[in-house]
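# Geometric and topological summary
Read off the chains here:
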Amino acid sequence: MKPAMHKPLTLKKQRNWKRLTIHLFPIPALIIYGLFIVYPLFAALTYSFFDWKGIVRGEFVGLDNFKDLFTLQPFSDLFWNAFGHNILYFVLQMIFQNGLAFILAYIIYKKVRGSEFLKIAYFLPRLLSVIVVGFLWKLILNPNYGALNVILEKVGLEDLEKAWLGDPDTALISIILVNCWYGLGFGVLIFLAGFQSIPKELFEAGKLDGAAGFAMIRRIVLPLMVPSIMIMTVLTFIQSFEAFELVYAMQGSQGEPYHSTDTLAVYFYRLAFGGSAGGSTTAVGLGSALAVVLFIFISFFTALYLKYMQKKQVDL
Amino acid sequence: MKKMKAISFVAFLSLILVISACSSSDTGSDGGSEDGTTLTIGSWRTEDKASYEKVIEKFNEEYPDINVEFKPSKNTEYNTILNTALQSGEGPDIIHLRPYTPGIELADAGYLEPLDGLEGLDQYPEETLAASKGTDDKQYGVPLNISTTQMFYNKKIFEEVGLEEPKTWEEFMTLNKTLQDEGYTPISLGTKEGWLLSLAHGIIGPAHYGANEFVDNITAGETEFTSDEFKSSIEALDELKQFFPENYEGLGMEDIRTMFFTGDAAMFPLGSWEIEVLREMNPELELGFFPMPSAVGKEPTITTWVDGSYAINANSENKDAAKKFLQFMTTEEFGTMFTEEFKMISAIPGIESDDELVNSLGKAVEEQSTPYMMLVHFAGGNPSTKATIETELQGMYLGERSPEEVANAVQDSAKSWYEPLK
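Residues numbered from 1 in each chain as written. Chains lettered and ligands numbered in written order. Predicted model: local features only at pLDDT ≥ 70, side-chain atom pairs only at ≥ 80, totals over all residues. Heavy atoms only, no water.

## Let's talk about the overall build of chain A
Along chain A, the regular secondary structure elements total 13 helices and 2 strands. For chain A, whose C-alpha radius of gyration is 26 Å, the value lies well above the compact-globule estimate of 20 Å for 316 residues. Each principal axis of the C-alpha distribution contributes one length, and for chain A these read about 95 × 70 × 35 Å. In chain A, the proportion of contacts linking residues at least 24 apart, taken out of those at least 6 apart, comes to 64%. (Helix = DSSP H or I, 4+ residues; strand = E, 2+ residues; numbered from the N terminus. Rg over C-alpha atoms; globule rule 2.2 N^0.38 Å. Contact = heavy atoms within 4.5 Å.)

## A look at the side chain of Lys-231 of chain B
Residues and elements named next belong to chain B. Within the element layout of this structure, Lys-231 appears in helix 11 (residues 228–239). Exposure remark for Lys-231: the relative accessible area of 16% places this residue in the buried category. Beyond its immediate sequence surroundings of up to four residues, Lys-231 is in contact with Phe-225, Thr-226, Glu-404 and Ala-407. (Buried < 20%, exposed > 50% of the residue type's maximum accessible area, 1.4 Å probe, protein only.)

## Observations concerning the packing of helix 2 (residues 49–62) of chain B against helix 14 (residues 319–328) of chain B
All names here are of chain B. Packing of helix 2 against helix 14 leaves a shortest axis separation of 11 Å and a crossing angle of 110°. With respect to helix 14, the axis of helix 2 lies roughly perpendicular. From helix 2, Val-55, Ile-56, Lys-58 and Phe-59 reach across to helix 14, where they touch Lys-324, Phe-325 and Phe-328. Class assignment of the residues belonging to the contact of helix 2 with helix 14 gives a composition of 5 nonpolar, no polar and 2 charged. (Axes fitted to C-alpha atoms, helices over the stretch in contact; angles between N-to-C directions. Parallel < 35°, antiparallel > 145°, perpendicular 65-115°, else oblique. Nonpolar A, V, L, I, M, F, W, Y, C, P; charged D, E, K, R; others polar.)

## Some points on the domain arrangement of chain B
Residues and elements named next belong to chain B. Assigned domains within chain B: domain 1 (28–147 + 306–370) and domain 2 (148–304 + 372–421). Inter-centroid distance (C-alpha atoms) of domain 1 to domain 2 is 29 Å. Domain 1 puts 15 residues into the contact, and the matching count from domain 2 is 25 residues. Carbon and sulfur atoms make up 62% of the surface buried where domain 1 meets domain 2, a total of about 1,700 Å² over both sides. Counting the contacts that link domain 1 with domain 2 gives 1 salt bridge. Put simply, Arg-279 and Asp-355 hold a salt bridge, and the shortest N to O gap is 2.6 Å. Applying the counting criterion to the domain 1 and domain 2 interface returns 6 residue pairs in polar contact (both at pLDDT 80 or more). (Domains from an automatic or database assignment. Buried area = accessible area lost by both parts, 1.4 Å probe. Salt bridge = Lys/Arg side-chain N within 4 Å of Asp/Glu carboxyl O. Polar contact = N/O pair within 3.5 Å; in protein donor to acceptor, adjacent residues only side chain to side chain.)

## Re the pattern of salt bridges
For side chains bearing opposite charge, pairing can occur when the charged atoms are close. Counted by the stated rule, this structure contains 20 salt bridges over all chains. Each member of the salt-bridge network shares a partner with another, and the members are Arg-45, Glu-47 and Asp-48 of chain B.

## Regarding unusual backbone geometry
In this structure, Pro-257 of chain A follows Glu-256 of chain A across a cis peptide bond, with omega equal to -5°. By secondary structure assignment, the location of Pro-257 of chain A is in the loop between helix 11 (245–251) and helix 12 (264–273). Here His-259 of chain A, not a glycine, exhibits a phi torsion of approximately 60°, which is positive. With respect to the element layout, His-259 of chain A can be found in the loop between helix 11 and helix 12. For Tyr-100 of chain B, which is not glycine, the phi torsion reads 60° and is therefore positive. As for its position among the elements, Tyr-100 of chain B is in the loop between strand 3 (94–97) and helix 4 (101–108). Overall, the relative accessible area of 4% leaves Tyr-100 of chain B in the buried class.

## A few points about helix 2 (residues 26–47) of chain A
Residues and elements named next belong to chain A. With 22 residues, helix 2 extends 30 Å between its outermost C-alpha atoms, agreeing within 8% with the 32 Å of an ideal straight helix rising 1.5 Å per residue. Gly-34 marks the point of greatest bend in helix 2, at about 40°. Among the residues making up helix 2, those that are buried are Ile-37, Pro-40, Leu-41, Ala-43, Ala-44 and Tyr-47. (Expected span 1.5 Å × (residues − 1). Bend = angle between axes of the 7 residues up to and from the residue.)

## Concerning helix 12 (residues 253–261) of chain B
Residues and elements named next belong to chain B. Within helix 12, 7 of the 9 residues are buried, which leaves the element mostly enclosed by the surrounding structure. Taken together, the buried positions of helix 12 are occupied by Met-253, Asp-255, Ile-256, Arg-257, Met-259, Phe-260 and Phe-261. Positive phi shows up at Gly-263, right after helix 12, with a value of about 85°.

## Notes on the side chain of Asp-48 of chain B
Residues and elements named next belong to chain B. With respect to the helices, strands and loops of the structure, Asp-48 is situated in the loop between strand 1 (37–43) and helix 2. Given the relative accessible area of 9%, Asp-48 is considered buried. Residue contacts for Asp-48: discarding those within four places in its chain leaves Phe-70, Phe-342 and Met-344.

## Section: the domain arrangement of chain A
On domain assignment, one finds that chain A holds domain 1 (2–41) and domain 2 (66–315). Look at where the C-alpha atoms of domain 1 of chain A and domain 2 of chain A centre, and you get two points 42 Å apart.

## Describing the packing of aromatic side chains
Scanning all chains against the criterion turns up 55 aromatic pairs over all chains. Here the aromatic rings of Phe-79 of chain A and Trp-80 of chain A are separated by 5.0 Å at their centres, their planes lie at 90°, and the arrangement is edge-to-face. By relative accessible area, which is 4% here, Phe-79 of chain A ends up buried. Given a relative accessible area of 49%, Trp-80 of chain A falls into the partly exposed group. With a centroid separation of 5.1 Å and an interplanar angle of 20°, the aromatic rings of Phe-260 of chain B and Phe-268 of chain B are classed as stacked. Comparing Phe-260 of chain B with Phe-268 of chain B, the two get one shared label, buried. (Phe/Tyr/Trp six-rings, centres within 6.5 Å; stacked < 30°, edge-to-face > 60°.)

## A few points about a negative patch on the surface
Residues Glu-53, Glu-57, Glu-61, Glu-62 and Glu-333 of chain B make up a contiguous surface patch of negative charge. Topologically, Glu-61 of chain B is positioned in helix 2. (Patch = residues over 30% accessible without salt bridge, like charges linked within 9 Å, V, L, I, M, F, W, Y side chains within 5 Å. Areas by Shrake-Rupley, 256 points an atom, 1.4 Å probe, with all protein chains shown as cover. Lys, Arg positive; Asp, Glu negative; His and termini not counted. Charge placed at Lys NZ, Arg CZ, Asp CG, Glu CD.)

## Overview of a nonpolar patch on the surface
Residues and elements named next belong to chain A. Taken together, the side chains of Ile-87, Leu-88, Val-91, Ile-95, Phe-96, Ile-173 and Leu-177 present a nonpolar region at the surface, about 550 Å² in accessible area. Listing elements by their share of the nonpolar patch, those giving two or more residues are helix 4 (75–109) and helix 8 (171–196). Sorting elements by how many residues they give to the nonpolar patch places helix 4 first, with 5 residues. Relative to the helices and strands, Leu-177 is located in helix 8. Owing to a relative accessible area of 38%, Leu-177 belongs among the partly exposed residues under this scheme.

## Regarding the packing of helix 8 (residues 194–204) of chain B against helix 18 (residues 385–397) of chain B
Two quantities define a packed helix pair, namely the angle between the helix axes and the distance between the axes. Residues and elements named next belong to chain B. Interhelical geometry of helix 8 versus helix 18 gives an angle of 100° and a closest axis separation of 8 Å. Taken together, the axes of helix 8 and helix 18 are roughly perpendicular relative to one another. Between helix 8 and helix 18, the contacting residues are Gly-194, Trp-195, Leu-197, Ser-198 and His-201 on the first element and Lys-386, Ile-389, Glu-390, Leu-393, Gln-394 and Tyr-397 on the second. The residue makeup of the contact of helix 8 with helix 18, split by class, is 5 nonpolar, 4 polar and 2 charged.

## Thoughts on the confidence of the model for chain B
Residue and element names in this part refer to chain B. Averaged over all residues, the pLDDT of chain B is 87; the fraction at 70 or higher stands at 92%. Taken as a whole, residues 12–34 scores under 50 in pLDDT and shows 52 contacts with residues more than four places along the chain or in a different chain. The complex model carries a pTM of 0.79, and its ipTM stands at 0.74. (pLDDT = per-residue confidence, 0-100.)

## Regarding a positive patch on the surface
All names here are of chain A. On the surface, a cluster of positive charge is made up of Lys-12, Arg-15, Lys-18 and Arg-19. By the secondary structure assignment, Lys-18 is in helix 1 (residues 2–21). Take Lys-18: its relative accessible area is 61%, and that puts it in the exposed class.

## So, the nonpolar core
Counting residues in hydrophobic clusters, the biggest one holds 114 residues, and the most contacted among them are Phe-172, Leu-179, Phe-225, Phe-230, Met-267, Phe-325 and Met-373 of chain B. Here this core spans two domains, since at least three of its residues come from each of domain 1 (28–147 + 306–370) and domain 2 (148–304 + 372–421) of chain B. Met-373 of chain B has contacts with Tyr-209, Phe-214, Val-215, Ile-218, Phe-225, Phe-230 and Phe-378 of chain B, leaving out every residue within four places of it along the chain. Counting 31 residues, the second largest nonpolar core, distinct from the first, contains Leu-78, Val-226, Tyr-267 and Val-293 of chain A. (Core = buried A, V, L, I, M, F, W, Y, C linked by side-chain atoms within 4.5 Å.)

Okay, structure coming up:
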């Protein structure tokens with residue numbers, strides 16, 4: 001009975017082999033991850049410790065780049081200016097994008113007529129490329145032939161007509177609202193999935209206990225929606241502190257007009273790559289320092305927030 | 001576990017930003033082909049590929065065994081691609097060099113081969129050569145073309161209203177008022193994009209600060225940007241805003257170009273590269289230009305600079321062949337071909353073009369040129385002085401800055417890095 005003796009052994013060996021080989025499969029992914037994520041991260045970190053003359057690395061200067069970023073004019077003014085814009089970006093997106101998305105998702109969840117259509121309609125802008133979105137809204141917001149001003153004029157609200165993207169008071173807000181329009185459908189989708197995962201019985205139980213209307217939302221819906229709200233907040237936080245594409249598509253890399261649409265990522269781009277036309281000088285060291293600061297800031301606050309919310313979720 | 005997942009997901013997302021801090025790519029230069037040498041040319045002019053192929057054909061008539069390949073990359077990415085390649089000791093044999101500061105930076109960093117003794121270099125005027133002269137006073141590039149900025153105008157509108165090219169600043173201002181009274185937008189300029197503003201200052205400024213004399217003085221450190229001459233050039237720009245289109249603060253390049261070629265606006269302060277675009281957009285447009293008349297009793301001026309030069313990679317294995325190609329680029333034969341094919345003004349003096357407008361621009365360049373000061377001398381610093389004047393002028397048009405504050409900011413910026421002003 002030689003084969004019978006032999007068989008269990010091979011099986012075991014095979015299983016061991018399988019167990020080993022299974023660890024080999026992530027290697028290609030790990031190499032890509034290491035090459036394109038871990039390596040650049042550390043490269044940026046080391047770049048930020050050196051003095052740069054154009055593209056040539058100069059001597060080691062320690063934390064001087066970081067010091068310059070926060071103390072030397074005009075860099076520090078530009079930093080705080082852009083930082084403030086990122087905060088406004090986050091706040092307005094939380095209110096107009098996520099707040100509206102939450103309400104819309106609830107309406108769709110309650111199955112109003114045409115909710116299927118609405119779901120698709122809200123998501124549609126998301127299918128467009130950011131560059132296309134930026135281009136379209138640039139046309140709509142054009143002061144002299146753009147649709148918005150034309151409509152305002154037709155309905156007799158000439159006084160509200162503006163050079164939306166040229167006026168420092170409205171330029172950034174316009175861009176953020178376009179971003180909200182663009183991101184609304186994604187929020188609706190996430191929240192809708194959240195609503196749908198709430199067991200129906202809970203609503204019935206709530207009803208029996210006499211909860212209705214706002215109390216139902218406050219006591220049953222909100223606590224159970226914490227995971228969706230959490231993920232949307234984190235994503236919005238990261239997205240608004242990395243805001244770049246739409247600003248770049250609509251206003252270019254100078255944060256125009258007069259730095260009123262500058263965000264940290266646009267400022268970073270300008271420092272590290274020297275503006276749009278390719279003719280101006282670069283500050284690789286300062287740019288890398290800014291990237292490092294931004295990375296630390298985003299990961300720190302995101303981690304903090306997640307920790308806080310997880311505790312909250314348990315409490316509720 | 002869930003927490004870990006969430007955190008690592010977040011970390012992943014935030015890391016994405018940092019990737020952009022470092023990108024690598026290479027424009028390789030491979031060795032020779034079987035029957036001779038292969039040269040590669042790097043450039044940002046992807047739109048000129050066909051024209052360059054004709055140039056190469058001509059070159060091959062004389063040097064049939066040198067194989068030349070024109071490999072351009074996208075304008076906005078060219079610097080990054082080239083810089084990364086040069087840093088790793090690679091890159092094309094022949095490099096299309098950005099003018100002034102960025103190009104000179106490459107020469108100073110030792111990435112370029114000095115062109116000592118290249119025949120034909122002595123025909124170029126000193127200011128043309130300055131676009132690619134290293135701080136060691138050696139020549140690193142062969143100048144290719146001259147760009148100009150000037151006031152373009154719509155001849156038909158001028159005829160209709162009965163106007164002529166202005167000879168003095170007062171005439172220019174009256175002309176603006178007349179056009180406005182006739183219902184035209186006199187000057188098609190928007191302030192949404194800052195680069196248009198330093199360009200406009202390049203055209204109108206010299207009429208007030210006194211053109212070349214001021215440039216000589218400031219580059220020698222004998223005057224300052226806070227001087228009355230320079231301040232008056234900023235004030236003039238401020239004064240002209242009454243002749244800009246409605247809502248000018250929200251108008252960008254596309255908008256003002258459209259206003260001009262559709263005949264809504266009569267004048268268009270922009271660069272020579274727009275000639276081809278305008279003609280393509282509206283073949284009926286009767287395009288003219290005039291040199292800016294001086295407000296301080298000097299000659300009218302056309303604002304010029306060298307737009308690009310060609311240099312040799314210090315790491316190239318085919319330097320001799322590359323020199324032959326650069327030599328060819330200094331010949332009259334090449335210059336004539338260049339003006340015809342590219343519709344640009346050759347940097348080689350005395351080349352005629354069969355295009356009337358380009359030809360008269362070329363003539364004006366030889367007789368009345370003043371440098372685009374911000375680009376030629378003040379593109380350095382961080383942020384550059386040129387970028388500073390752009391932002392500050394934008395601030396002025398938005399009512400956040402007075403002309404005096406603009407001048408002060410420009411002086412502060414220049415003082416921070418420009419040796420003669422320190």
